[in-house]
There are 2 protein chains.
Amino acid sequence: MSVLIVGSTALDSIKTPTAENPRLLGGSASHAAVAASFFSPVKLVGVVGDDFPKKYIQLYGRHGINLDGLQVKPGKTFHWSGEYEVNMNNRRTLLTELGVFETFSPDLPKAYQSSQFVLLANIAPALQHHVLDQMRRPKFVVADTMDLWLNIALADLIKLLKRIDGFVLNDSEAHQLTKEDNMFAALKKIHKMGPKYVIIKKGSHGSILSGPKGFFLCPAYPLHTVVDPTGAGDSFVGGMMGYLATARGTVDANIRKAMIHGSVVASFCCEGFGLNRTTKITRQRVAQRVKELEKLTRF
Amino acid sequence: MSVLIVGSTALDSIKTPTAENPRLLGGSASHAAVAASFFSPVKLVGVVGDDFPKKYIQLYGRHGINLDGLQVKPGKTFHWSGEYEVNMNNRRTLLTELGVFETFSPDLPKAYQSSQFVLLANIAPALQHHVLDQMRRPKFVVADTMDLWLNIALADLIKLLKRIDGFVLNDSEAHQLTKEDNMFAALKKIHKMGPKYVIIKKGSHGSILSGPKGFFLCPAYPLHTVVDPTGAGDSFVGGMMGYLATARGTVDANIRKAMIHGSVVASFCCEGFGLNRTTKITRQRVAQRVKELEKLTRF
């Protein structure tokens with residue numbers, strides 16, 4: 001089964017202490033779509049300007065990503081520029097040029113509207129609502145978010161939580177949303193807001209799932225070198241949804257393995273700038289790291 | 001087989017945002033010894049003053065801890081006082097009164113000198129050396145440390161690393177010792193300094209072992225409430241050594257399970273002030289949480 005992914009498609013200019021990379025392919029939907037593509041067919045909804053490099057269209061193509069939902073509008077592609085500090089844990093935004101993204105309306109091609117697995121990657125909650133308004137009874141909807149929406153669109157986000165099956169956020173966002181320091185207390189409050197599955201991401205410390213079958217501590221694959229963590233969270237949730245969309249059996253039966261696969265794709269993402277490393281791996285390389293993670297955590 | 005534990009025996013006065021607890025039983029050796037006692041007989045080496053409460057001697061006794069190596073000297077017991085911030089991650093020392101600990105010389109009773117499993121819990125590296133000078137060919141020696149010794153006794157500590165099998169330190173200490181941000185790079189440098197087994201503790205994020213059989217990502221048991229994390233690291237390494245001392249087979253075959261058991265005892269430690277919670281558990285409760293950790297991490 002395919003997975004529908006809606007989010008931002010952008011050009012990222014990324015500075016780290018050792019390098020500078022202008023106009024890489026980025027955005028939540030790009031990272032999630034490439035990650036998902038290792039496991040299932042992907043339908044992408046996003047918007048780019050007429051400056052969007054052809055090579056990036058070709059890159060989506062090489063991953064078999066369906067682009068019927070990718071709008072090309074006159075104007076500039078969303079451009080984000082950021083800088084990482086030495087330890088790669090803190091980043092600051094240098095520049096945000098919304099371009100055509102400013103008026104983005106994620107309208108779904110007819111063939112997309114009956115998708116069963118839907119990932120609302122990080123975009124404004126109002127746009128995530130707009131996607132759901134067009135859907136016909138999807139089986140499993142997961143939304144990602146970011147601190148910006150907690151700050152400026154909290155009411156929309158809280159309404160969204162009642163419409164989705166799974167919600168993914170990082171630990172500082174969970175704290176911001178619930179005012180709880182303890183993760184269990186935060187998870188409990190978020191479940192009350194709607195979603196049956198809540199996943200809190202903790203970067204290099206992995207993630208935790210709270211769902212109908214209890215909790216799952218998902219490890220992060222430990223890395224020797226982190227080149228650029230941009231998009232790791234999107235890769236994680238994209239890989240997870242791609243895995244879920246094709247795995248046989250129930251979501252409950254598969255979600256742990258799905259998170260592990262997402263976690264592994266995210267680890268590759270961090271090893272190169274933008275999508276440079278992710279686009280060079282294979283399903284086999286992912287399976288290999290999943291096996292390594294099994295060995296690293298078995299006791 | 002029993003485990004020999006040498007370290008500090010102290011009275012801890014601990015303040016948290018919600019409570020204040022004066023003169024609890026504390027010190028690296030006390031926490032480690034009680035933790036180890038769930039798995040194996042323990043021989044304790046430490047020093048207390050003549051003000052040391054009888055109830056704490058009785059507490060050691062209830063855990064079957066051999067006290068032939070506990071020196072009682074005229075004067076005051078080592079007294080440490082500290083305060084935790086709201087999120088329990090940062091603490092500051094309010095007061096340190098060394099008392100009889102200032103002139104502590106860990107002299108081993110004859111019967112202790114042939115111990116096979118030795119834990120040099122956190123004390124000055126010079127004292128850790130003094131213990132090893134008295135030992136007859138121990139099988140497995142592990143040392144713990146703290147940032148203080150990296151600051152004021154680095155040369156002694158570096159010499160010690162050549163004399164031990166395993167070294168335990170937390171992530172910020174690993175960074176301080178090696179100047180490496182990346183954990184793998186830090187581990188590699190520490191191995192070169194001597195120890196075959198290196199364990200980096202990451203608090204609520206668990207720990208990582210690097211040893212002859214590769215790496216092991218050891219999870220922390222996730223807690224609903226953290227009352228007082230003092231002694232959690234000592235409990236971890238104490239529980240690990242207690243488990244190793246009685247497990248059949250090689251250290252390599254048992255060290256992962258040993259770390260898991262240590263991690264579980266440390267989780268109980270955090271749920272009460274000082275040793276209040278740890279002294280109330282049983283081996284069965286530990287086994288139960290180990291099973292829960294298996295369920296929480298299986299994929």
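A short tour of the structure in this document, coming up.

**Structural notes on the overall build of chain A**
When you go through chain A residue by residue, the secondary structure sums to 10 helices and 13 strands. Relative to the globule expectation of 19 Å for 299 residues, the C-alpha radius of gyration of chain A, 18 Å, shows essentially globular dimensions. Expressed as lengths along the three principal axes of its C-alpha atoms, the size of chain A is roughly 50 × 45 × 40 Å. When burial is assessed residue by residue, chain A has 59% of its 299 residues classed as buried. Carbon together with sulfur atoms contributes 51% to the accessible area of chain A, which is approximately 12500 Å² in total. When the 36 positive and 25 negative side-chain charges of chain A are each reduced to one mean point, those points stand 9 Å apart.

**Focus on helix H10 (residues 283–297) of chain A**
Residues and elements named next belong to chain A. Between its first and last C-alpha, H10 extends 21 Å over 15 residues, near the 21 Å set by a 1.5 Å rise per residue. Those residues of H10 that fall on the buried side of the exposure criterion are Val286, Arg289, Val290, Leu293, Leu296 and Thr297. The buried residues of H10 all sit within an arc of 120° when viewed along its axis, so they share a single face. Facing away from the buried surface of H10 by more than 90 degrees, the exposed residues are Gln284, Lys291 and Lys295.

**Topic: the layout of surface pockets**
Approximately 180 Å³ is the volume attributed to the second largest pocket. Contributing to the lining of the second largest pocket are Glu294, Thr297, Arg298 and Phe299 of chain A together with Glu294, Thr297, Arg298 and Phe299 of chain B. At the level of elements, H10 of chain A together with helix H10 (283–297) of chain B are the ones that each hand at least two residues to the lining of the second largest pocket. Grouping the amino acids of the lining of the second largest pocket by side-chain chemistry returns 2 nonpolar, 2 polar and 4 charged.

**Re the interface of chain A and chain B**
Taken residue by residue, the interface counts 27 residues in chain A and 27 residues in chain B. Both faces considered, chain A and chain B share a buried interface measuring about 2300 Å² in area, 66% of it formed by carbon and sulfur atoms. Taken together, chain A and chain B are joined by 0 salt bridges. At the surface where chain A touches chain B, the tally comes to 10 residue pairs in polar contact (both at pLDDT 80 or more). Mapped by element, the contributors of at least two residues to the side of chain A that touches chain B are strand E13 (214–218), helix H9 (251–270) and H10 of chain A.

**Topic: the pattern of salt bridges**
Pairs can form between side chains of opposite charge once their charged atoms are near each other. The full count for this structure, using the stated rule, is 14 salt bridges over all chains. The closest approach of N and O atoms between lysine 189 of chain A and glutamate 180 of chain A, which form a salt bridge, is 3.2 Å. Under the relative-accessibility criterion, lysine 189 of chain A is labelled partly exposed at 36%. The exposure class assigned to glutamate 180 of chain A is partly exposed, which follows from its relative accessible area of 25%. Its salt-bridge partner being aspartate 51 of chain B, residue arginine 23 of chain B comes within 3.7 Å of it at the nearest N-O pair. Pair noted here: arginine 23 of chain B is in strand E3 (residues 20–26) and aspartate 51 of chain B is in the loop between strand E4 (42–49) and helix H2 (54–62), with a separation of 28 residues, a long-range link. Taking relative accessible area as the criterion, arginine 23 of chain B reaches 38% and is therefore assigned partly exposed. In the salt-bridge network here, residues are joined through shared partners; they are Glu271, Arg277 and Arg289 of chain A.

**What to know about empty space enclosed by the protein**
Residue and element names in this part refer to chain B. Overall, the coordinates contain 1 cavity of 30 Å³ or more when judged by the stated rule. For the largest cavity, the calculated volume is near 30 Å³. Of all the secondary structure elements, the ones that give two or more residues to the lining of the largest cavity are strand E9 (140–144), strand E10 (166–170) and strand E11 (197–201). Tallying contributions element by element places E10 first for the lining of the largest cavity, with 3 residues.

**Examining the state of the cysteines**
Disulfides are covalent bonds that link the sulfur atoms of two cysteine residues. Inspection of every chain in the model, using the stated rule, returns 0 disulfides over all chains. This cysteine, cysteine 218 of chain A, is not joined by any disulfide, and cysteine 270 of chain A carries the nearest cysteine sulfur, 13 Å off.

**Observations concerning the packing of H9 of chain A against H10 of chain A**
All names here are of chain A. Running from amino to carboxyl end, H9 crosses H10 at an angle of 110°, the nearest separation of the two axes being 9 Å. When the axes of H9 and H10 are compared, the pair comes out roughly perpendicular. Here the hand of the crossing between H9 and H10 comes out right-handed. For the pair formed by H9 and H10, the contact residues are Ile260, His261, Val264, Val265, Ser267 and Phe268 on the first element and Arg283, Arg285, Val286, Arg289, Val290 and Leu293 on the second. Across the contact of H9 with H10, the residue classes break down as 7 nonpolar, 2 polar and 3 charged.

**Regarding the packing of aromatic side chains**
One pass over the full model with this rule turns up 18 aromatic pairs over all chains. Ring geometry for phenylalanine 140 of chain B against tyrosine 197 of chain B: centres 5.4 Å apart, planes inclined by 80°, an arrangement best described as edge-to-face. Here tyrosine 197 of chain B lies in strand E11 and phenylalanine 140 of chain B lies in strand E9, a separation of 57 residues in the sequence. Judged on exposure class, the residue phenylalanine 140 of chain B and its partner tyrosine 197 of chain B are both buried. With a centroid separation of 4.8 Å and 85° between ring planes, the pair formed by phenylalanine 184 of chain B and phenylalanine 215 of chain B is classed as edge-to-face. With phenylalanine 184 of chain B in helix H7 (residues 183–192) and phenylalanine 215 of chain B in strand E13 (residues 214–218), the pair connects residues that are 31 residues apart, well separated along the chain. We classify phenylalanine 184 of chain B as buried; its relative accessible area is 9%. Ring-pair connections join several aromatic residues into one group, and the members of that group are Phe52, Tyr56 and Tyr60 of chain A.

**A look at the sheet that holds strand E11 (residues 197–201) of chain A**
Residue and element names in this part refer to chain A. Spatially, 9 strands are ordered E5-E4-E1-E8-E9-E10-E11-E12-E13 in an open sheet, and the strand pairing comes out mixed. The sheet is open, and its two borders are formed by strand E5 (65–73) and E13, each paired with just one other strand. For this sheet, the mean angle separating the axes of adjacent strands, direction not counted, is 15°. Looking at chain direction, strand E1 (residues 3–6) and strand E4 (residues 42–49) are connected through 4 bridges and run parallel. Across the sheet, residue valine 3 finds its bridge partner in E4, namely valine 42. Across the face of the sheet, helix H6 (residues 171–178) comes into contact with strand E10 (166–170) and E11 while running at roughly 105° to E10. In the packing of helix H8 (residues 232–246) onto the sheet, contacts are made with E1, strand E8 (117–120), strand E9 (140–144), E10, E11 and strand E12 (207–211), and the angle to E9 comes to roughly 175°.

**Thoughts on unusual backbone geometry**
Residue and element names in this part refer to chain B. The phi angle at arginine 23 is positive, at roughly 55°, despite the residue not being glycine. Positive phi, close to 40°, is recorded for arginine 137, a residue that is not glycine. You can see arginine 137 is positioned in the loop between helix H3 (125–134) and E9.

**Observations concerning the environment of aspartate 133 of chain A**
Residue and element names in this part refer to chain A. Structurally, aspartate 133 is set in helix H3 (residues 125–134). When the C-alpha positions of aspartate 133 and glutamine 113 are compared, they lie 9.6 Å apart, and in sequence the two are 20 residues distant. Reaching out from aspartate 133, the side chain makes a polar contact with the side chain of arginine 163 at a distance of 2.9 Å.

Basis of the calculations
Residues numbered from 1 in each chain as written. Chains lettered and ligands numbered in written order. Predicted model: local features only at pLDDT ≥ 70, side-chain atom pairs only at ≥ 80, totals over all residues. Heavy atoms only, no water. Helix = DSSP H or I, 4+ residues; strand = E, 2+ residues; numbered from the N terminus. Rg over C-alpha atoms; globule rule 2.2 N^0.38 Å. Buried < 20%, exposed > 50% of the residue type's maximum accessible area, 1.4 Å probe, protein only. Areas by Shrake-Rupley, 256 points an atom, 1.4 Å probe, with all protein chains shown as cover. Lys, Arg positive; Asp, Glu negative; His and termini not counted. Charge placed at Lys NZ, Arg CZ, Asp CG, Glu CD. Expected span 1.5 Å × (residues − 1). Arc of directions from axis to C-beta. 1 Å grid on protein atoms, 1.4 Å probe; cavity = no way out; pocket = protein on both sides within 12 Å on 5 of 7 lines; lining within 4 Å. Points joined across faces, edges and corners; volume = space filled by probe spheres on them. Nonpolar A, V, L, I, M, F, W, Y, C, P; charged D, E, K, R; others polar. Contact = heavy atoms within 4.5 Å. Buried area = accessible area lost by both parts, 1.4 Å probe. Salt bridge = Lys/Arg side-chain N within 4 Å of Asp/Glu carboxyl O. Polar contact = N/O pair within 3.5 Å; in protein donor to acceptor, adjacent residues only side chain to side chain. Disulfide = S-S within 2.5 Å. Axes fitted to C-alpha atoms, helices over the stretch in contact; angles between N-to-C directions. Parallel < 35°, antiparallel > 145°, perpendicular 65-115°, else oblique. Left-handed = near helix turned anticlockwise from the far one by under 90°. Phe/Tyr/Trp six-rings, centres within 6.5 Å; stacked < 30°, edge-to-face > 60°. Pairing = 2+ DSSP bridges.

On their own, these measurements won't tell you what the molecule is for.
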